[in-house]
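Each chain, written out:
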Amino acid sequence: QVQLVESGGGLVQPGGSLRLSCAASESIFSFETMGWYRQAPGKQRELVVRLRKTGSSIYADPVKGRFTLSRDNWKNAWYLQMLSLKPEDTAVYYCWGYSRDRGYWGQGNQVTVSS
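Residues numbered from 1 in each chain as written. Predicted model: local features only at pLDDT ≥ 70, side-chain atom pairs only at ≥ 80, totals over all residues. Heavy atoms only, no water.

## A short note on the pairing of strand E3 (residues 18-24)
Working step 1: A large share of E3 lies buried, amounting to five of its seven residues.
Working step 2: Relative to E3, strand E1 (residues 4-7) is paired through four bridges, and the arrangement is antiparallel. The partner of leucine 4 across the bridge, within E3, is alanine 24.
Working step 3: Both E3 and strand E8 (residues 77-82) contribute to a ladder of six bridges, which runs antiparallel. (Buried < 20%, exposed > 50% of the residue type's maximum accessible area, 1.4 Å probe, protein only. Helix = DSSP H or I, 4+ residues; strand = E, 2+ residues; numbered from the N terminus. Pairing = 2+ DSSP bridges.)

Here is the structure:
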């Protein structure tokens, strides 16, 4: 069973930046898709970004140009770099990966954007 462990959330002021990390318990070469979702209070979980093994990616419109997913195959991890954060980015962020016909979620990490 694959485990995904997240780190890097916290409190940041509007306009600030944060980087979230998602470490997998096995090689991420086996992942067909990886990405990040978020869930704000009282709202459904929504896609932030999804990256396929082919290299194609989809970013949600609210984060385009501000958020970037990157990966480090040797560290078996992927990251979400978040710039120019806004209060509306406040949410619990979850990493997600799809490997060998199964989806896996990280434990969730709170990101709060507030002055």
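## Focus: unusual backbone geometry
Phi is mostly negative for residues that are not glycine, and the peptide bonds are mostly trans.
Working step 1: Even without being a glycine, asparagine 76 presents a positive backbone phi close to 55 degrees.
Working step 2: The partly exposed category is assigned to asparagine 76, whose relative accessible area is 21%.
Working step 3: With a phi close to 50 degrees, arginine 100 is a non-glycine residue in the positive phi region.
Working step 4: For arginine 100, the location among the structural elements is in the loop between strand E9 (91-99) and strand E10 (102-105).
Working step 5: By relative accessible area, arginine 100 is classed as exposed at 51%.

Interpretation note: all reported values are geometric properties and have no functional meaning in isolation.
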